[in-house]
Amino acid sequence: MKKFILILSLLLLTGCNKPRSRDIPISQVLEEIKVVAEFSNTQTGDLTNQKIAAQYGIDPTSISEGYVYYSTDEGTADEIIIVRAASQNEVENIEKALGGELSAKTEAWKNNETESDKIENHVMRTIGDCVLLAIGDRSAEIDQVFNQLKEE
């Protein structure tokens, strides 16, 4: 009986250690990311817009806030997608959609060594209900900015 209680306690504690995200607006985090990213000729799209979200395989009803920030230069794969899911149940669907975007980018840029390296060194990470996909020269620094969403 003691072993059962010990195992049950450990399982409950493990479940409580999932990182949760702070309620910092994603738009605020994106503004800080823009400073770090150093992309040229940029554009930002709001992923709550049906037309924009569809380009990335995201259902806009599954997110509460989300943005894509990218370079419009034809010769670069630079892109950041940052999303807050409408609920924890939607996180996996968003991760799959961003995984699809990553696969499409990989295929599109496979013959360009410089951009392929950027894509290969991407960061895709989830903190609580927030998901980030960062492709660019400074994706590690972008990840550090994203990390501020983690509750301590």
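Details of the structure are given in the entry above.
Quantities reported herein were computed from a predicted structural model and do not represent experimental measurements.

A. Structural context of helix H5 (residues 113–120). Along H5, the residues classified as buried are Glu115, Lys118 and Ile119. Relative to the axis of H5, the buried residues are bounded by an arc of 95° and lie together on one face. Projecting away from the buried face of H5 at angles above 90 degrees are the exposed residues Glu113 and Glu120. Looking at the buried side of H5, the elements it contacts are helix H4 (91–108) and strand E5 (130–135). The N-capping residue of H5, defined by a side-chain oxygen 3.2 Å from the backbone nitrogen of Thr114, is Asn112.

B. View of H4. The end-to-end C-alpha distance of H4 is 26 Å, a good match for the 26 Å that 18 residues give at a rise of 1.5 Å each. Here H4 has its buried residues at Val91, Ile94, Ala97, Leu98, Glu101, Leu102 and Lys105. Each buried residue of H4 lies within a common arc of 145° when the element is viewed along its axis, so the set occupies one face. Contacts from the buried residues of H4 go to helix H3 (50–55), strand E2 (63–71), strand E3 (79–85), H5, strand E4 (123–127) and E5.

C. Focus on the sheet that holds E5. Taken in spatial order, the five strands make up an open sheet running E1-E2-E3-E5-E4, and their pairing is antiparallel. Both edges of this open sheet fall to strand E1 (42–46) and E4, since each of them pairs with a single strand only. Neighbour-to-neighbour, the strand axes of this sheet turn through a mean angle of 10°, independent of strand direction. Both E4 and E5 contribute to a ladder of five bridges, which runs antiparallel. When the sheet's bridge partners are listed, Thr126 is paired in E5 with Val131.

D. Structural view of the environment of Ile52. Along the chain, the position of Ile52 falls in helix H3. C-alpha of Ile52 to C-alpha of Val68: the two residues are 16 residues apart in sequence and 8.9 Å apart in space. The contacts of Ile52, once residues within four sequence positions are left out, are Gly45, Asp46, Leu47 and Val68.

E. Main features of the packing of aromatic side chains. Within the structure shown, the criterion is met by one aromatic pair. Both rings, one in Phe39 and one in Tyr69, keep their centres 5.5 Å apart while their planes meet at 10°; by these two values the pair is stacked. Of this pair, Phe39 sits in the loop between helix H2 (26–37) and E1 while Tyr69 sits in strand E2, placing them 30 residues apart in sequence.

Definitions and limits used
Residues numbered from 1 in each chain as written. Predicted model: local features only at pLDDT ≥ 70, side-chain atom pairs only at ≥ 80, totals over all residues. Heavy atoms only, no water. Buried < 20%, exposed > 50% of the residue type's maximum accessible area, 1.4 Å probe, protein only. Helix = DSSP H or I, 4+ residues; strand = E, 2+ residues; numbered from the N terminus. Arc of directions from axis to C-beta. Contact = heavy atoms within 4.5 Å. Polar contact = N/O pair within 3.5 Å; in protein donor to acceptor, adjacent residues only side chain to side chain. Expected span 1.5 Å × (residues − 1). Pairing = 2+ DSSP bridges. Axes fitted to C-alpha atoms, helices over the stretch in contact; angles between N-to-C directions. Phe/Tyr/Trp six-rings, centres within 6.5 Å; stacked < 30°, edge-to-face > 60°.

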